[in-house]
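Architecture and fold: a report
Residues per chain, in single letters:
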Amino acid sequence: MTTLNEQQINENKDSENTSSLGINKDQIQEEKKENENEKQEEEKQEKKKEIEKENINNREIEKENEEQEKGNHENEKEEQEEEKQEEEKKEEKQEEQEKEEEEKEKEKEEEEKEEEEKEKEEEEEEDLSSVQVGEEDLKKKAENFNQQISQFRGRRYQKHEEEGIHDEKWRNHKKHYLVLTQAGKPIYTRYGSDSKLSSFICVPQALVAFVIDLGDEIKCLKADKHNIVFDIRGPIILVCVSKLDESTEQIKKQLKYLHSQIIFFLSIRGTEMLNDRPHLDLRSYLGGTTKFFDSLIHRMNSYDFITDSIKYLKLKPSIREKVASALRETKFKFLRFAILLTDSGIIHLTQTKKKPISTHDLFLLQNFSQDPAFRPNEIWSPLCLPDYNSKAFVHAYLNYIDKKQKICLLLISLDPTGFMDLKTQSEKVVKTLTQDGTLDKISHTLEKTESLSVKSLKIKKLRHFIYKNRENNQCFTMKPALPYTLKSERKRLYTLYKTTRSGLLLDSKIQNKQYSSTSEKEVLIATITDDYELYTVFHPLISKNEAIEGEVQVLNWIKKNEESLFSHNIQFW
Amino acid sequence: MSIRNKALLKIIILGDSGVGKTSLMNRYVKNKFTNQYKATIGADFLSKEITIDDRSVTMQIWDTAGQERFQSLGVSFYRGADCCVLVYDTNSPQTFENLESWRDEFLIQSSPQDPEKFPFVVIGNKIDMGEPAVSQKTVHTWCQSKGNIPFFFTSAKESQNVTEAFTAIAQNALKEEKTYNYYGGDIVIPDEDEDEEEEERQQGGCC
């Protein structure tokens, strides 16, 4: 690989030289094409690898975009993309760098995979012994557990780690999140390293402190295009600096979730330590959980987050019923929730009647469970569900029962020593689901529906829609059509949905609302009734009648398929 | 894990205006000095990373305004400090006498858990300006009476003793940290009782 790499570098160097001399542009373009072809091949290979072995989450989300955005793997790459267009010379350098990065990453991933496999093997060995040894093994597990978890949690994607406040790159990010203690010590920053930002982070603290001493509380600051939103929750200060066109309310919602993510790991009692000892460095207790904050922020651009709902996966009612009955069987003394889910949505949820899980908690659980590092092993972890009980920990058992489609079984118990019990329950579920082939059917259906786009509805000029069932807070959506397959366009779509929705929900007195907006980019029609919310987006050159007709068609399609789209009777034990 | 090995220390510098608080900080962090006097407005923040006993320590230094008209940062500002540095001008006895009130002010505002043991460091700055007007004995006696506060004589201008003083500041703050590390390792899970209550409450109904 190294020789290949060197060749590429040489090639690129050559092309760089010529481009700077300005002699042979055709050659450059040719080489560019070559580069692209190479890249395509690389990506194909990667794709295969990704399918064969499991890969990092982010990448997979991007996979869909590959055709449109070659080589853009990371979230923020298109921000660079814009710069790239401006500076063509730099482009090639960057591509070269990206390539190198990719290769390095690949190496890293492979190493990680090896590690994971090793861990897996070890785990399997442990599992075998656990059958014989039982409780002793459990103790051992408990001892190893924290070590393991911290290992897993430690692997953050370190792309922006080295940025400081004086770096142009850092300043150009469209959205910053800063979480700090009332003493001004950093807890989480989205970009840049804690130590490089440690003096900067004092500024929001000083602002907050100053206003508190005036007997008031700072809410937000507007500076040029920036909206700086503050959220003070007990001893913790959360700040978002956004250049995007988002309302303060929307940002507040995001900050609330970030705060919940801290509670999720420490419980409210953990954060209360700061009241007695304000100089405490909370990072040492959060032990490298930063990547969950990163992925949570990433998830904030999702249709379920925007509509405050839960996304269920499209499945035949008969299959869902089989899952339901399998999960019902897990009924156990301390068990509170049994959830079968994948990265893209919930398959089924069974819970106790007395205290059902909130959308908020479920969102955090989904974010937690989808960490790629969890896939090879069974996981047993204490965690806190803020809405369920912010003062106490529950205990989660996590097991990927289908590694290919990443179907994950999540059991939440109150018993801190219940690992073995839940393991048994989990085995029961797996047995039931594999015996009658349900698991294969689910896996098969997911594979088929994964790439299901709105185009398959064959509704004229329809580009995207979200349907939210208000009765059970579930939403359904499909892959968007062009141009929203492009990341930058999709981001714009998210913003459009967000602003439309928050505008429509402002006045809660009026029950039924319909709204339409037309821009040069698209036409949006939104309908909110007691039962549902529907947002449909069409080609900009559509007549009003056509659009309304299109919306009705979407609605009809949903009505027709309602049983497979939503899980109507949420199961209770 | 590496993160455990890292520490972040909030260090607050207090003292009368013109004693050289900002100069000390700039000398230490940036190794720069200017004879020009510019009053600090509100507060300035700088940070520096150092290694102490194999531990990577980030010093978050809060330089405050000495002038009274800027003394509005108040309670919330001082909260959660790990160490407080009291600076006076060795040529001005008044600035030394005022340390007493600076110390009291800090303790009132930040209300640390154990005021007697809170780490302070005293710095007499500007020793390059000739014979000190405050005798070493006076300083020694005062520092001893306040619980053995370590003291240093420095010159930010000539870079004398500045690094030594700040290293001692960091060490002092870390010493305190060890005593509160009682929570350390893994967080004490506060759920035991809660869980049982929870179970009892829930068992009655649904199970």
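These numbers were taken from a predicted model, which means no experiment stands behind them.

Our next topic: the overall build of chain B. Of regular secondary structure, chain B possesses 8 helices and 6 strands. When the elements of chain B are put in sequence order from the N terminus, they spell out α-β-α-β-β-α-β-α-α-β-α-β-α-α. Residue burial in chain B is summarised as follows: out of 207 residues, 49% are buried. For chain B, long-range pairs separated by at least 24 residues make up 72% of all intrachain contacts whose partners lie at least 6 apart in sequence. For chain B, the computed accessible surface area is about 10200 Å², with 46% contributed by carbon and sulfur atoms.

All right, on to the sheet that holds strand 2 (residues 186-189) of chain A then. Residue and element names in this part refer to chain A. The antiparallel open sheet is built from 5 strands, whose spatial order is 2-1-5-4-3. Of all the strands in the sheet, the pair left with one neighbour each is strand 2 and strand 3 (220-223). For this sheet the average axis-to-axis angle between neighbouring strands, irrespective of direction, equals 15°. Pairing of strand 1 (residues 175-181) with strand 5 (residues 236-242) involves 7 bridges; the strand directions are antiparallel. Residue pairing in the sheet places Leu-178 in a bridge with Val-239 of strand 5.

All names here are of chain A. Two elements in contact, helix 10 (residues 248-276) and helix 15 (residues 359-369), have axes whose closest approach is 11 Å; the angle formed by their N-to-C orientations is 70°. The angle between helix 10 and helix 15 places the two elements in the roughly perpendicular class. At the point where helix 10 passes helix 15, the crossing takes the right-handed sense. The residues of helix 15 that touch helix 10, namely those facing Lys-256, Tyr-257, Ser-260, Gln-261, Phe-264 and Phe-265, are His-360, Phe-363, Leu-364, Leu-365, Asn-367 and Phe-368.

A few words now on the pairing of strand 14 (residues 513-518) of chain A. Residue and element names in this part refer to chain A. Here 6 bridges tie strand 14 to strand 15 (residues 523-528), and the two strands are oriented antiparallel to one another. Bridge pairing links Ser-517 to Leu-524 in strand 15. Between the antiparallel neighbours strand 14 and strand 15 lie 4 residues.

What follows concerns the side chain of Asn-367 of chain A. Residues and elements named next belong to chain A. Mapped onto the fold, Asn-367 is located in helix 15. Of the polar contacts made by the side chain of Asn-367, one reaches the backbone nitrogen of Leu-296; its length is 3.5 Å. What Asn-367 contacts, discounting residues up to four positions off in sequence, is Gln-261, Phe-292, Ser-295, Leu-296 and Arg-299.

Another aspect to go through is the UniProt feature "domain: FUZ/MON1/HPS1 second Longin" (unreviewed entry) in chain A. Under the UniProt annotation, the feature "domain: FUZ/MON1/HPS1 second Longin" (unreviewed entry) is placed at residues 335-430 of chain A. Across residues 335-430 of chain A, the secondary structure splits into 28% helix and 38% strand, with the terminal C-alpha atoms separated by 17 Å.

Residues and elements named next belong to chain A. On average, residues of chain A carry a pLDDT of 75, and 72% of them reach 70 or more. For residues 116-135, every residue scores under 50 in pLDDT, and the model assigns this stretch 24 contacts once sequence neighbours within four places are set aside. When the criterion is pLDDT under 50, residues 145-157 qualifies, and its contacts beyond four places in sequence or with other chains add up to 40 contacts.

Next up on the list: the UniProt feature "domain: FUZ/MON1/HPS1 third Longin" (unreviewed entry) in chain A. If you check UniProt for "domain: FUZ/MON1/HPS1 third Longin" (unreviewed entry), the listed places come out as residues 462-562 of chain A in our numbering. Taken as a whole, residues 462-562 of chain A contains 38% helix and 31% strand, while its terminal C-alpha atoms sit 20 Å from one another.

Right, let's talk about helix 19 (residues 487-505) of chain A for a bit. End to end, helix 19 of chain A covers 27 Å across 19 residues, agreeing with the expected 27 Å (1.5 Å per residue, within 8%). Along helix 19 of chain A, the residues classified as buried are Lys-487, Glu-489, Arg-490, Leu-493, Tyr-494, Leu-496, Tyr-497, Lys-498, Thr-500, Arg-501 and Leu-504 of chain A.

This part takes up the environment of Leu-14 of chain B. All names here are of chain B. Note on placement: Leu-14 falls in strand 1 (residues 6-15). What makes Leu-14 buried here is its relative accessible area of 0%. Linking Leu-14 and Asn-35, residues 21 residues apart in sequence, is a C-alpha distance of 20 Å. Apart from the residues lying within four places of it in its own chain, the contact partners of Leu-14 are Lys-21, Thr-64, Tyr-78, Cys-84, Val-85, Leu-86, Val-87, Trp-102 and Phe-106.

Considering all chains together, one arrives at 21 salt bridges over all chains under this definition. For Asp-82 of chain B, the salt bridge identified is with Lys-185 of chain A, shortest N-O distance 2.5 Å. Taken together, the residues span two chains, with Asp-82 of chain B in the loop between helix 3 (74-78) and strand 4 (83-89) and Lys-185 of chain A in the loop between strand 1 and strand 2. Under the relative-accessibility criterion, Lys-185 of chain A is labelled buried at 1%. Taking the shortest distance from any N to any O, the salt bridge between Arg-283 of chain A and Asp-281 of chain A comes out at 2.8 Å. Using a relative accessible area of 9% as the deciding quantity, one classes Arg-283 of chain A as buried. Judged by its relative accessible area of 8%, Asp-281 of chain A falls in the buried class. Residues joined by salt bridges that share partners form a network here, namely Lys-253, Asp-308, Lys-468, Arg-470, Arg-501 and Glu-533 of chain A.

Quick notes on the rules
- Residues numbered from 1 in each chain as written.
- Chains lettered and ligands numbered in written order.
- Predicted model: local features only at pLDDT ≥ 70, side-chain atom pairs only at ≥ 80, totals over all residues.
- Heavy atoms only, no water.
- Helix = DSSP H or I, 4+ residues; strand = E, 2+ residues; numbered from the N terminus.
- Buried < 20%, exposed > 50% of the residue type's maximum accessible area, 1.4 Å probe, protein only.
- Contact = heavy atoms within 4.5 Å.
- Areas by Shrake-Rupley, 256 points an atom, 1.4 Å probe, with all protein chains shown as cover.
- Pairing = 2+ DSSP bridges.
- Axes fitted to C-alpha atoms, helices over the stretch in contact; angles between N-to-C directions.
- Parallel < 35°, antiparallel > 145°, perpendicular 65-115°, else oblique.
- Left-handed = near helix turned anticlockwise from the far one by under 90°.
- Polar contact = N/O pair within 3.5 Å; in protein donor to acceptor, adjacent residues only side chain to side chain.
- UniProt positions renumbered as here; feature names shortened; annotations may be inferred.
- pLDDT = per-residue confidence, 0-100.
- Expected span 1.5 Å × (residues − 1).
- Salt bridge = Lys/Arg side-chain N within 4 Å of Asp/Glu carboxyl O.

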